[in-house]
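The primary structure of each chain is shown beneath.
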Amino acid sequence: MTAFAAVTGDPMDRSRFPVDDWALTETRFDAEDLGVTESLFAVGNGYLGLRGNYEESRDAFSDGTFINGFHETWPILHAEEAYGLARVGQSIVNVPDPKVIRLYVDDEPLELSSADLLEYDRTLDFRTGVLTRQLCWRTPSGRRIRVVSRRMVSFTQKHLAVMTFEVTPLDGRGPVQISSQLLNRQDRELEHPAIETPGGTIADPRKAEKIGRRVLIPAVSSIDEDHGRIRLGYRCAESGMTLGVVVDHEISAPVDIRTQAHIAEDEGKMIYRLQLEAGQTVTLVKTASFHTAQHVPPRELIDRCERTLDRAAEEGLQRQFDDQRAWLDAYWQRSDVELPDRPSLQQATRWNLFSLAQASARAEAQGIPAKGVTGSGYGGHYFWDTEVYVLPFLTYTSPYAARNALRFRYSLLPAARRRARELCQRGALFPWRTINGHEASAYYAAGTAQYHIDADVAYGLSQYVGATDDVDFLCREGIDILVETARLWADLGFWRRENGDASFHIHGVTGPDEYTTVVNDNMYTNVLARFNLRRAADAVAEVRAVDPDAYDQLVRRTGLREEEILEWREAAAEMSIPFDAKVGIHPQDSRFLDREMWDLENTPVEVRPLLLHHHPLVIYRFQVLKQADVVLALFLQGEEFSYDEKLADFSYYDPITTGDSTLSAVAQSIIAAEVGYHELAWSYFLEAAYVDLANRHANTSDGVHVASIGGVWSALAFGFGGFRDLGAGQWTFDPRLPDELDSLVYRLTLRGTRMRVTVRRTEVSFEIEAGAGPLTFSVRGEPVVLTPDSPVTVQLADQGPRLEGRPPNPAGTVRADGTVISATVPRGD
C-alpha cells in the first residue's frame, strides 16, 4: 500500500489549474490529457450531459453527449452457456452532438492543438453552472482573434442546453466563417473508426462495450434555414428507444451575414459567412433540446423539443442564466461544506459537490449512473453504489432527489421479482448492474452473486424514510421493496442447528470486495441482510399502525403472511456473523483466514490494479481486497460493533486493501477517523477528494466517479463531522476533526429542517438555518434539543482517540489451528 505515503498534499498542477474556491479553471491547453479534462469540465443536470469537448471538436479524446437511461441493447453471447446467465447487454448511447462550432478566419481553421494561442482560459463556475472559455488566437496570417464561448445544461429546464460563441477580430479586416453543427457521432465512428494501436491491449471491464453496427436508425431529418432550426430524430435498432433533438440558432453582427444550411440523416449544419473589421463582434446563440422515450415516435419527440426551445426563446437567454444561478444558490445553501483556510481543498470539495448535482438533479425517472452523464464508462449502468455512496448526500441535502432515485428502484421491482424466480428464490433480486432493469453483468461471480445489493437498497430506503419521515413513500412504494428483499434473504439463507443452538447462514454470495467471490457467510452481506430483515419487519408494523388501509393493500399486492414477519425476525436474531476469537477479528467470510496473504508491500506498481494484470483465479486464492468490505459494514452498521471490534477489524484489513476501487478510500477514511488513525483518515480523504481531479485511477477519461464523489461528502460529514443516523429519528454526533483542519462546516436536512453543523477543536455548534424544528439528537451521549431561535454549542474534551501512523501488516498472524498466515507475491516466472 502506498496511499498513506503518497497522498499528503495538493496533487494538482497549480500553474495550470489555479486555486479558486468556487471554480475549476484551466489556464493553458494541453493535448496530453484531453480525456481527463473532457470529464472534469463536463456540464450536465442528471438527465443530459455534455462532455467538456472543445467547440472546434478537432482535438478530442472522446466527443460525447449523453442522456441518462438512453441505451441500446444486444444479446450477451457466452462462450459456454449456463442457465440464468445475464442475457441482455445494455450500453448508453452517444447521442447527436450539438457542441460543434467550427471557426475559420481567412479560411484557416481554429484547431487548438496547432493554434498560436496568446491567451487561454477555461473555467467551470460552480455558482453559475456555466463553462466559459476565453482565448486569443493569432492566425497564420498574423491577425489576433478573441473567441469567447459559454456552455450550460439547465438545472431548471431538464431538456435544455445553451451555448454562446463570440468572435472579435482585434486587428485587420477579413472573412470569418462559423460552421455550427449537430452530428450523430455514435454511428459516424463506424464510418471513421479510430486507429487501433498494435500490440497487446489490457482488457478493462470498467469501459463501455463498443457496438459494431449502426445503433441510431434515422427517422426525422429537416432544417429551417431562415430560423436556423435543425431537427434529427432516431430509434435505437434493438432497444427501440426513441430520441428527438432540435437545435436553434440566433446570430447577430454589425455586418451582413450570408447563411447556408445543410441536412442529412446524421448531421445538420448552419454555416455563416461575414466580413469583420477590428473590434466588431459576431455572436452566435445556440440552444439545443433533447427528448427521449421508450416507444414514443421520434416525430412527437421533435415536437416536444420545439416546444422546449420556443419557451426558452420567449423567456430570453439571460433568463436561462439567471435561473441557473438561482437554482445553484439554493443548492449551495443546503449542500455546501466549508473548509476554512484550506482553499485548494475547498475547491476540490466544491467540485465534487457540484459534480453530484450534475449527476443527480434531474435524473428523476432514471437511476444515477456510475459516471453520471460525463462519459460512457461502465456503459452508463446503475450499481449498488448509488444507495450506499450517493444517496446519503441526497437524503441529507436534497431529499427530493433521493426520493426520485428510490422511486426508480421501485420501478425495477417487477424485473427484480422475475430475476429472483430465475435464480430459484422468493422475493426480489435487484440487478448488480443495469439500465433497464435486466441484469447486465456477464460475469456472475463478481456480478449477480453480489446479492448484497438488495440490502443496500433497503438501507438507502430506510435511511431516507428516517431522515425525511416520508411515510407516504414508505406506505405506497418503499414497503414493497423492504418486503420483497426480506423475502429474498429468508429464502436464500438456511438454518443450521447444532447442540440445541440455531444459526442462520447465507452461502454462495459475493460481498463488495470483488477480489473474493462466491463465498459462504460474507460478513458484510450477513450484517446488512440482518438489518434488512429487521427493518422490513419493523416497517410492516409501522405501516399497519399509521395507515391500516395501506397495510391491507400491501397484503393484497404481495400476499404477505404474518408467519413471514416472524421468520424475518428469527433469522435476523440468529444471523451468523463470522468471528475468529484467536485472531480477534470478523473474517470477511467463513473461510477467508484459510487463505494466505498477497504481499502488497512488495508488489510492483506496474502490475496494479491487480484486476488488469492477473487472472481472477490468481486473485481469489489470496487474502487481498479490492475495496473495503468488513470495514464498510463497520460504518453502515456501526452501532452493532464495539470500538475494540472496529479497531481490530480495521487494523487487520487496511494493510491488505489495495484501493483498486475508487469506492475504498472513503469508507477507510471514515473508520480510520472513528478508531483514531487520524493521519490515515486524512490521507484517504485526500485520495478520495482528488480521485478525478488528479486522475488517481487513470480512467477519469471515461467519466467521473460519481460514487466516490458522493463518498467525499460522507467522509466529511460522517468521518470528520462524526454524524451517525441510527434510524427512527435517532441522530448522534461524535466529531473526529483531523489536525489538518481547524474547523469544518456542513449542513444536514432532517425532517424538513436544515441545520448547520460547525466542528472546531474544542466544540461543536448547531444552528437551524431553515425550517421550524425542533431537532433532537445527542452529542457523545448527551441529549440536545435544537430550536430555530436557540443555537447550541457543546464543548468537546478532544477529537476522539488518537493513533499514529497506520496499522502494521498482519502477515505472520497465527490462526486458530496454530498455522501462520504468510504473505507472497504470485509470479509466473
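Treat the numbers as computed from the prediction; the structure is a model and nothing was measured.

Section: the packing of helix H19 (residues 678-689) against helix H20 (residues 706-720)
The N-to-C vectors of H19 and H20 enclose an angle of 155°; their axes lie 9 Å apart at closest approach. Classed by the angle they form, the pair H19 and H20 counts as roughly antiparallel. Considering how the two elements wind past one another, H19 and H20 form a crossing that is left-handed. Contacts from Ala681, Trp682, Phe685, Ala688 and Ala689 of H19 reach H20 at Ser708, Val712, Ala715, Leu716 and Phe720. Per-class residue counts for the contact of H19 with H20 are nine nonpolar, one polar and no charged.

Some remarks on unusual backbone geometry
Along the chain, Arg608 connects to Pro609 via a cis peptide bond; the corresponding omega equals -5°. Among the structural elements, Pro609 can be located in the loop between strand E21 (596-598) and helix H15 (616-620). Following Gly773, the chain continues into Pro774 via a peptide bond in cis, with omega recorded as -10°. Within the fold, Pro774 resides in the loop between strand E27 (763-770) and strand E28 (775-779).

Overview of the environment of Arg421
Mapped onto the fold, Arg421 is located in helix H9 (residues 413-422). Sequence spacing of Arg421 and Leu488 is 67 residues, and the spatial spacing of their C-alpha atoms is 9.9 Å.

Digging into the sheet that holds E27
Through backbone hydrogen bonds, the strands of a sheet pair up, either in parallel or in antiparallel fashion. Strand order in the open sheet made by the four strands is E25-E26-E27-E30, with antiparallel pairing throughout. Two strands close off the open sheet at either side, each with one partner strand: strand E25 (743-750) and strand E30 (792-795). Each neighbouring strand pair of the sheet contributes to a mean axis angle of 20°, computed without reference to strand direction. Inspection of the sheet shows E25 paired to strand E26 (residues 753-760) by eight bridges, in the antiparallel sense. Along E26, the bridge assignment pairs Leu750 with Thr753.

Focus: H20
Helix length check: H20, at 15 residues, gives a terminal C-alpha distance of 21 Å against a target of 21 Å (1.5 Å per residue), a fit within 8%. Of all the bends in H20, the greatest measures close to 30° and is centred on Ser714. Most of H20 is tucked away: 15 of the 15 residues are buried. Directly beyond the C-terminal end of H20, a positive phi value near 70° is found at Gly722.

Re the environment of Ser344
Within the secondary structure, Ser344 is located in helix H6 (residues 343-360). Taking C-alpha positions, Ser344 is 7.2 Å from Asp20, a pair spaced 324 residues apart along the chain. Not counting residues up to four positions away in its chain, the partners in contact with Ser344 are Asp10, Arg14, Val19 and Tyr690.

Section: the pattern of salt bridges
Between side chains of opposite charge, pairing is possible as soon as their charged atoms come close. For the structure on display, the rule yields 70 salt bridges. Across the pair Arg569 and Asp538 runs a salt bridge, and its minimum N-O distance is 2.9 Å. With a gap of 31 residues between them, Arg569 in helix H14 (residues 562-573) and Asp538 in helix H12 (residues 523-546) connect regions that are remote in the sequence. Residue Asp538 is classed as partly exposed on the basis of its relative accessible area of 39%. Salt-bridge contacts for Arg802 lead to Asp739; the nearest nitrogen and oxygen are separated by 3.3 Å. In this pair, Arg802 sits in the loop between E30 and strand E31 (823-824) while Asp739 sits in the loop between strand E24 (730-733) and E25, placing the two residues 63 residues apart along the sequence. Residues joined in a network through salt bridges with shared partners are Arg229, Arg231, Asp248, Arg299, Asp303, Glu306 and Asp310.

Quick notes on the pairing of E24
Taking every second residue as pointing to the same face, the buried face of E24 carries Trp731 and Phe733, while none of Gln730 and Thr732 on the other face is buried. Alignment of strand E23 (residues 723-727) against E24, held across four bridges, turns out to be antiparallel. By the bridge assignment for E24, Gly727 is matched with Gln730. Where E24 lies against E28, two bridges are found, and the strand directions are parallel. In the sheet register, Thr732 faces E28, and the bridge partner there is Ser778.

Re the sheet that holds strand E22 (residues 622-623)
Read across the sheet, three strands follow the order E22-E21-E31 without closing on themselves; strand pairing throughout is parallel. The sheet is open, and its two edges are formed by E22 and E31, each paired on a single side. In this structure, E21 lies alongside E31, joined through two bridges in parallel fashion. Its bridge partner being in E31, Trp598 is matched across the sheet by Thr824.

Observations concerning helix H18 (residues 664-675)
Think of an α-helix as turning once every 3.6 residues; residues three or four places apart then point the same way. Between its first and last C-alpha atoms H18 spans 17 Å; for 12 residues at 1.5 Å apiece the expected length is 16 Å, and the two agree. Across the 12 residues of H18, 12 count as buried, placing the element largely inside the fold. Along H18, the residues that are buried comprise Ser664, Ala665, Val666, Ala667, Gln668, Ser669, Ile670, Ile671, Ala672, Ala673, Glu674 and Val675. The elements touched by buried residues of H18 are helix H7 (385-397), helix H16 (630-636), helix H17 (643-653), H19, H20 and E23. Within two residues after H18, Gly676 carries a phi angle of roughly 115°, on the positive side.

The rules behind each value
- Residues numbered from 1 in each chain as written.
- Predicted model: local features only at pLDDT ≥ 70, side-chain atom pairs only at ≥ 80, totals over all residues.
- Heavy atoms only, no water.
- Axes fitted to C-alpha atoms, helices over the stretch in contact; angles between N-to-C directions.
- Helix = DSSP H or I, 4+ residues; strand = E, 2+ residues; numbered from the N terminus.
- Parallel < 35°, antiparallel > 145°, perpendicular 65-115°, else oblique.
- Left-handed = near helix turned anticlockwise from the far one by under 90°.
- Contact = heavy atoms within 4.5 Å.
- Nonpolar A, V, L, I, M, F, W, Y, C, P; charged D, E, K, R; others polar.
- Pairing = 2+ DSSP bridges.
- Expected span 1.5 Å × (residues − 1).
- Bend = angle between axes of the 7 residues up to and from the residue.
- Buried < 20%, exposed > 50% of the residue type's maximum accessible area, 1.4 Å probe, protein only.
- Salt bridge = Lys/Arg side-chain N within 4 Å of Asp/Glu carboxyl O.

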